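Coordinates in review
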Amino acid sequence: MSKKELKFNSKTIHGGQHPDAAYGAVMPPIYQTSTYAQPTPGGHKGFEYSRGANPTRTALENAVASLENGNYGMAFGSGMAAIDAVIKLLGPGDEVICTSDLYGGSYRLFKGVFEKYGIKFRFSDMVDMKALASQIDQNTKLVWVETPTNPMMNIIDIKAVAKVTKAKNVLLAVDNTFATPYLQRPLDLGADLVMHSATKYLGGHSDVVVGALVVKDEKLAEQLYFIQKSSGGICGPMDSFLTLRGIKTLHVRMQRHCENGEVIAKYLKAHPKVEKVYWPGFTSHPNHKIAKEQMSGFGGMISFIPMGANYDEAIKIVERLNIFTLAESLGGVESLVGHPASMSHGSIPKEEREKNGVVDALIRLSVGIEDVDDLISDLEQALN
Ligand SMILES: *Cc1c(COP(=O)(O)O)cnc(C)c1O
């Protein structure tokens, strides 16, 4: 049986991986080296210099590619470095259309860094496909989708967007950080490129900052490998190893994230001191139907607004939580809480962020895999 045919829950452990050729090490060794001995000039074994390729990083790149049903993977020193490499496919005058409810760091990179190189970024809620199609002109080269969105948990129909981008001959990239390939595989839905902040669920243990890209197309892969090697924003061997170790339990962790997420979303929705809960698993969620179609579960990311709360009251609630740690980031085994307006989305102008629903009182939870009773008790004491 080829490893390509394995089911997802086996691919996390075996996909793109094999015992090390030298001594049969079951885990890919941490090849902590910058360079490789060559018996004769150019007579290397596929590895010349670790910016270009490193065996531990290659193992991670193959593993992520396998999970996303892609053919080529690239690992970077952060999710942002991975996005940076994608935008470097473009040049002055080119244009990107992105999801309006975008990760704060992506917004900052697009508007704060790349706009001064002459690349334009426009935004779309990507609900109405006719509107999206009419936004695309001859300068548009890339559509950048994030789904579920952060922190509003909007769902974008990847298949529908792919139909538009294919017809217009524009690349479609999906930031799959929130869903992970356990819940959603964008390449199967028609995307050309998948991006991950592996810092989050793929790594899963809040111990690395790593990014990844996966594509199917060989030409696109060659361009991205060229950028990766030239710009050098690579993932080191130790972090590659830790991410690989994390990926081996991705399916087990995600299952529990989904179970705990559901219990907590329903608890919050029924709570008299909670005004609104954003979680795509509710049948009342505006995009529930699409979520159900393109995802195999609803994940552990939940945002909510406490009843009648303002900025200061929201901050008091997040400070009162004990088991939910107040911290940036998400997707680790431990539960985290964040206040988007002052933390992850602080770099987006207030007017802009409020237009997308990121109000001052919004609180975001990354539900971990602890005992859900303890998580509920913690929320209960903080809300009362
Ligand atoms: C964290 C995150 C990123 C950025 O990744 P880093 O690893 O922090 O550089 C990009 N997109 C989303 C959705 C994220 O949550």
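If you're wondering where the values come from, they're calculated on a predicted model, not measured in any experiment. (Residues numbered from 1 in each chain as written. Predicted model: local features only at pLDDT ≥ 70, side-chain atom pairs only at ≥ 80, totals over all residues. Heavy atoms only, no water.)

Observations concerning the site of the ligand
Looking at the ligand, there are 15 residues lining it, with G79, D175, S197, T199 and K200 nearest. At a separation of 2.9 Å, an oxygen atom of the ligand approaches a polar backbone atom of M80. S197 places a polar side-chain atom, nitrogen or oxygen, 2.8 Å from an oxygen atom of the ligand. Protein chains shield 93% of the accessible area of the ligand, which is 380 Å² for the free molecule. Judged by the proximity of its atoms to the pocket grid, the ligand belongs to the second largest pocket. (Near = heavy atom within 4 Å. Polar contact = N/O pair within 3.5 Å; in protein donor to acceptor, adjacent residues only side chain to side chain. Areas by Shrake-Rupley, 256 points an atom, 1.4 Å probe, with all protein chains shown as cover. 1 Å grid on protein atoms, 1.4 Å probe; cavity = no way out; pocket = protein on both sides within 12 Å on 5 of 7 lines; lining within 4 Å. Sits in = over half its atoms within 2 Å of the grid points.)

Digging into the layout of surface pockets
One number sums up the size of the largest pocket: a volume of about 490 Å³. The wall of the largest pocket is formed by 20 residues, among which D20, A21, Y31, F47 and P55 lie closest to the centre. Among the residues forming the lining of the largest pocket, the class breakdown is 11 nonpolar, seven polar and two charged. A volume near 380 Å³ is recorded for the second largest pocket. (Points joined across faces, edges and corners; volume = space filled by probe spheres on them. Nonpolar A, V, L, I, M, F, W, Y, C, P; charged D, E, K, R; others polar.)

Brief notes about the domain arrangement of the chain
Considered domain by domain, the chain is made up of domain 1 (3-247) and domain 2 (251-383). The C-alpha centroid of domain 2 is placed 26 Å from the C-alpha centroid of domain 1. Tallying the contact residues gives 39 residues for domain 1 and 42 residues for domain 2. Carbon and sulfur atoms supply 60% of the area buried between domain 1 and domain 2, which totals about 3,200 Å² over both sides. Summed over the shared surface of domain 1 and domain 2, the number is zero salt bridges. Run the count over domain 1 and domain 2 and you get 17 residue pairs in polar contact (both at pLDDT 80 or more). Listed by contribution, the elements that provide at least two residues to the side of domain 1 that touches domain 2 are helix 1 (8-14), helix 4 (104-113), helix 6 (158-168), helix 7 (180-183) and helix 9 (237-247). Tallied by class, the residues present in the side of domain 1 that touches domain 2 amount to 19 nonpolar, 15 polar and five charged. (Domains from an automatic or database assignment. Contact = heavy atoms within 4.5 Å. Buried area = accessible area lost by both parts, 1.4 Å probe. Salt bridge = Lys/Arg side-chain N within 4 Å of Asp/Glu carboxyl O. Helix = DSSP H or I, 4+ residues; strand = E, 2+ residues; numbered from the N terminus.)

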